[in-house]
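# Architecture at a glance
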Amino acid sequence: MKNRFLKGFIIFISIILVMFIFIFIAIQVGETQLANMINTTDNTRISSVDIKLLRAKVIIKDLQIHQPPLSVEAEELSLTASLSELVDLAFNKGKELSQLRVYASGVRMKSDTIEFDVSHLVVSAKGRVSLLDINNAHLFSSEITIDDFRYEQKESDVTFIGAAGDIYFVGDIDGNTNIENLSSVIEVLDILKVDIQKPQIIFPSTSMSSIPLLNADSSWLKNSDNFKGEVISVEAYSNKEILKAEDILIDFPLITIDGELTLSTTGLIHIDSRVTHLEETISTELNPFLAFFGFQIPKGAFTFFIHYDPSEQAPPVIEMKPIAVT
């Protein structure tokens, strides 16, 4: 789900970036003529455009882009670039743009597999793009702030909602980047910081009975308040082969867990965490099954440890130990 969302968001940012370049090229024709030019472009419609030339800013109302399989709509969209770079670019088309700020409200992004709605979105992006070679554009870093968002994975019908979110990305994404699996994420990522406030997960009732090891009639599964959390946050770093996530915090009524996670392109999995709260009925349901494998979820707070490295040719190490109360 995360990989598909990231890929969809990259497509969205790419469309906005190309559109900004198109607007800059046509800026001398005036706002009314520019709006007409955009509306005659295949799959793109707007109601108005306001050019703030001295601030290197363009404000667009009622944007609609339909580029199958992706559809993007925004009630308002503003694009701001570096004025000095635009001045340089006016005299030399070989100059590159390196930064762009996007503000959008009433955004809806849809494809065959996802739907993403957000009330407000702010993106500050740094990269490299030349008008002479748009296809070779690169995104090196991005700071993203979103308010009141809703993300739906259509294939599984799972919905993720949040009151606010902050995302910070450092890496290298270009037009040829293909985000399809964990390895591809590790290879393009340098730094990723995510902080989601008031997260909520909505599962369709029909899917509960298909979740392995869980009883669809469980009281904790039927209580939707259990899936309304306080925060999800993580800081992750990658050296292109190993991804290490530190300061992970997941705080829901069902479970509160913090710790770190290490993954690699070779299949390494290393989890070192502390579970400070777990709904008691979950332990009651899972422990009889886990007993067949020699495991038991301790009562109270406990450590949760997993280590598996395919190169060691050994079974995974899994440990759950009570945390001593001092």
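First, a word on what this report is: a plain description of the structure on this page. (Residues numbered from 1 in each chain as written. Predicted model: local features only at pLDDT ≥ 70, side-chain atom pairs only at ≥ 80, totals over all residues. Heavy atoms only, no water.)

Moving on to the overall build of the protein. A count of helical and extended segments in the protein gives six helices and 16 strands. The 326 residues of the protein split such that 38% are buried. Long-range pairs, those at least 24 residues apart, make up 52% of the contacts in the protein with a sequence separation of at least 6. With an accessible surface of roughly 17,600 Å², the protein has 56% of that area assigned to carbon and sulfur atoms. (Helix = DSSP H or I, 4+ residues; strand = E, 2+ residues; numbered from the N terminus. Buried < 20%, exposed > 50% of the residue type's maximum accessible area, 1.4 Å probe, protein only. Contact = heavy atoms within 4.5 Å. Areas by Shrake-Rupley, 256 points an atom, 1.4 Å probe, with all protein chains shown as cover.)

A few words on helix H6 (residues 280-291). Under the 1.5 Å per step criterion, the end-to-end length of H6 is 16 Å for twelve residues, consistent within 8% with the ideal 16 Å. Looking at H6, one finds that the buried residues are Ile282, Ser283, Leu286, Asn287 and Leu290. Take H6 and look down its axis: the buried residues cluster within an arc of 120°, on one side only. Exposed side chains of H6 directed beyond 90 degrees from the buried face belong to Thr284 and Pro288. Elements that come into contact with the buried residues of H6 comprise helix H5 (219-222) and strand S14 (269-278). (Expected span 1.5 Å × (residues − 1). Arc of directions from axis to C-beta.)

For the rest of this paragraph, the subject is the packing of aromatic side chains. Counting across every chain of the model gives two aromatic pairs. On the numbers, 5.9 Å between centres and 45° between planes, the contact of Phe149 with Phe160 is tilted. Linking Phe149 in strand S7 (residues 133-153) with Phe160 in strand S8 (residues 158-174), this pair joins segments that are eleven residues apart in sequence. For Phe160, a relative accessible area of 17% gives the class buried. (Phe/Tyr/Trp six-rings, centres within 6.5 Å; stacked < 30°, edge-to-face > 60°.)

This next bit is on the environment of Ser311. With respect to the secondary-structure elements, Ser311 resides in the loop between strand S15 (302-308) and strand S16 (317-322). For Ser311, a relative accessible area of 60% gives the class exposed. Sequence separation of Ser311 and Gly267 is 44 residues, and the distance between their C-alpha atoms is 8.7 Å. A polar contact of 2.8 Å, which involves the side chain of Ser311, links it to the side chain of Asp309. (Polar contact = N/O pair within 3.5 Å; in protein donor to acceptor, adjacent residues only side chain to side chain.)

This part covers the pattern of salt bridges. One pass over the full model with this rule turns up eleven salt bridges. As a salt-bridge pair, Arg108 and Glu115 come within 3.8 Å of each other at their nearest N and O atoms. The class of Arg108 is partly exposed, set by a relative accessible area of 36%. A relative accessible area of 13% means that Glu115 is categorised as buried. We note a salt bridge from Arg150 to Asp117, for which the minimum N-O separation is 3.9 Å. Here Asp117 lies in strand S6 (residues 114-130) and Arg150 lies in strand S7, a separation of 33 residues in the sequence. In this structure Arg150 comes out as partly exposed when scored by relative accessible area, which is 31%. Of the residues examined, Asp117 reaches a relative accessible area of 13% and is grouped as buried. Several salt bridges share partner residues, and in doing so they unite Arg108, Glu115, Asp117, Arg150 and Glu152 into one network. (Salt bridge = Lys/Arg side-chain N within 4 Å of Asp/Glu carboxyl O.)

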